[in-house]
Amino acid sequence: MLWAPSYLDAARAPIAATARHFDNLCMDTHIYDTLIIGGGPGGLTAAIYLRRFRRDIILVDKGHSRLQLIPVTHNFPGFPDGIQGKQLLENLRCQLGKYEGSVTEGEITDVRLENDLFVATMGEQQLLARTVLLASGIADAGLPIENWHEAVASGAVRLCPVCDGYDVLDKRIAVVSSATNPVGHALFMRTFSTSVTLFERGADAHLDAGQRAQLEQAGVRYVLSPLKGIGMTDSMKPVMHTEDGEDHHADVVYPMLGETARSDLAAALGAEMADCKELLVDKHQQTSVPGLYAVGDVTRGLNQISVAAGQAAVAATRIHNRLPPRYRT
């Protein structure tokens, strides 16, 4: 069944009456068409689309976009020489500014539904919106890595085999196993280099005979002793320290940290989730909560900048088409 919120029903009380209901919550009862939570590529792309649709939006970002960690991305369309993550964010913000949009620095700590409106808490302020688009991304799990930010910036530590496997052709590649995909990432990276070594994350995570056979057939070296930590040489090359006291040198390491979607706000509203708290969405990027949309890494699927941008275009267009028309005067 298509969502038909009551604010589209002319027989119901006007939104202004609903706004008065919130007078005790905040001084400003302004109602936005859409509240966007998260200022990464997904959130910014959605904001650009919605502003070009002449929609009244607010984008709130607390500054934790993983895009900032990417030294250079080479697989985002339109940049044949690649583009730095920070520069891409700046470009998107600049593009949004051309349509009188901006990023509000802050954190949304709570979202609830009242009288067909979303009520979001940002510090001492309450924000009212007809729809919400969540583009809050994921949080990486931890692994002891020296000089983490410098290592990522230099390209010694890499976070996404799909994003940049081509960029490490014929390098000495170290991969850390993961619980959900113990050997898959190492096998994937073997298509880019003859020197791939897989390390165990913990003492209780040994591979079975079938998995070891896969590695042997592909020519992937397997280190049985669990990984204790990852250091960096003076020239920013990773060194894997294992429990048996050995040091293993490489040119680049994929720690495969594991991740959890930042979906708590949606979960509190009752949105359906999959593994790792990733949100389930329909073909228009709407969650199981009517009026709540989600794009990018917070949803189930392939975590890529281009995917987040495409999902944002789909969600923004759907939101615009479902909201009351805003005719030009």
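Residues numbered from 1 in each chain as written. Predicted model: local features only at pLDDT ≥ 70, side-chain atom pairs only at ≥ 80, totals over all residues. Heavy atoms only, no water.

J.: How do you make sense of the side chain of Asp-164 when you look at a structure like this?
T.: The residue Asp-164 is located in helix 5 (residues 161-164) in this model. Engagement of the side chain of Asp-164 in a polar contact is seen with the side chain of Arg-158, the distance being 3.4 Å. (Helix = DSSP H or I, 4+ residues; strand = E, 2+ residues; numbered from the N terminus. Polar contact = N/O pair within 3.5 Å; in protein donor to acceptor, adjacent residues only side chain to side chain.)

J.: Sorry if this is basic, but what is going on with the pattern of salt bridges here?
T.: Between side chains of opposite charge, a pair can form as their charged atoms come close. As enumerated under the stated definition, the model contains 12 salt bridges in all. Here Arg-93 makes a salt bridge to Asp-61, at a shortest N to O gap of 3.7 Å. Residue Arg-93 is located in helix 3 (residues 85-97), and its partner Asp-61 is located in strand 2 (residues 57-61); the two are separated by 32 residues in the primary sequence. Among the residues examined, Asp-61 registers a relative accessible area of 9% and is labelled buried. Between Arg-112 and Asp-110 there is a salt bridge, and its shortest N-O distance comes to 3.7 Å. For Asp-110, a relative accessible area of 30% gives the class partly exposed. Through salt bridges with shared partners, one network takes in Asp-33, Arg-55 and Arg-130. (Salt bridge = Lys/Arg side-chain N within 4 Å of Asp/Glu carboxyl O. Buried < 20%, exposed > 50% of the residue type's maximum accessible area, 1.4 Å probe, protein only.)

J.: When you look at the pairing of strand 6 (residues 125-134) in this model, what are you seeing that I'm missing?
T.: Each regular strand shows side chains that alternate between the opposite faces of the sheet. In terms of burial, strand 6 is largely enclosed, as 9 of its 10 residues are buried. Of the pairings in the sheet, the one linking strand 1 (residues 31-37) to strand 6 comprises 6 bridges and is parallel in character. Of the residues in strand 6, the one forming a bridge with Leu-35 is Val-132. Direction of pairing for strand 5 (residues 117-122) relative to strand 6: antiparallel, over a ladder of 5 bridges. Bridge assignment links Thr-121 to a residue of strand 6, and that residue is Gln-126. Where strand 5 hands over to strand 6, the hairpin turn is made up of 2 residues, of which Gly-123 adopts a positive phi near 65°. (Pairing = 2+ DSSP bridges.)

J.: Whenever I open this one, the packing of helix 2 (residues 41-52) against helix 9 (residues 305-322) confuses me. Can you help?
T.: The packing of two helices is summarised by the inter-axis angle and the distance between the axes. Between helix 2 and helix 9, whose axes approach to 8 Å, the crossing angle comes to 35°. Helix 9 is crossed by helix 2, and the crossing has right-handed handedness. Contact residues: Pro-41, Gly-42, Thr-45, Ala-46, Tyr-49 and Leu-50 in helix 2; Ile-305, Ala-308, Ala-309, Ala-312, Ala-313, Ala-316, Thr-317, Ile-319 and His-320 in helix 9. (Axes fitted to C-alpha atoms, helices over the stretch in contact; angles between N-to-C directions. Left-handed = near helix turned anticlockwise from the far one by under 90°. Contact = heavy atoms within 4.5 Å.)

J.: What exactly am I supposed to notice about the packing of aromatic side chains here?
T.: Here a ring pair, both rings aromatic, is described through the centre-centre distance and the interplanar angle of the planes. Evaluated as defined, the whole model comprises 3 aromatic pairs. Both rings, one in Phe-76 and one in Phe-79, keep their centres 6.2 Å apart while their planes meet at 25°; by these two values the pair is stacked. Ring geometry for Phe-188 versus Phe-192: centroids 5.6 Å apart, planes at 65°, classification edge-to-face. For Phe-188, a relative accessible area of 34% corresponds to the partly exposed category. (Phe/Tyr/Trp six-rings, centres within 6.5 Å; stacked < 30°, edge-to-face > 60°.)

J.: It is not clear to me how the sheet that holds strand 12 (residues 238-242) should be interpreted in this structure. Could you clarify?
T.: In space, the 3 strands of this open sheet follow the order 11-12-13, with antiparallel pairing throughout. Unpaired on one side and paired on the other, strand 11 (227-232) and strand 13 (247-249) mark the two borders of the sheet. The mean inter-strand angle of the sheet, taken between neighbouring strand axes irrespective of direction, is 25°. Bridge analysis of strand 12 against strand 13 gives 3 bridges, and the strand direction is antiparallel. Within strand 13, the position partnered with Val-239 by the bridge is His-249.

J.: So what exactly am I meant to see when it comes to the nonpolar core here?
T.: Among soluble globular proteins, nonpolar side chains are generally buried collectively. Counting residues in hydrophobic clusters, the biggest one holds 26 residues, and the most contacted among them are Ile-36, Leu-44, Leu-88 and Leu-133. Those residues in contact with Ile-36, other than ones at most four positions away along the chain, are Gly-43, Ala-46, Ala-47, Leu-50, Ile-57, Ile-58, Leu-59, Val-60 and Leu-133. Of all hydrophobic cores here, the second largest spans 25 residues; its members include Val-111, Ala-120, Ala-261 and Leu-292. (Core = buried A, V, L, I, M, F, W, Y, C linked by side-chain atoms within 4.5 Å.)

The quantities given are spatial measurements derived from coordinates; they are silent on function.
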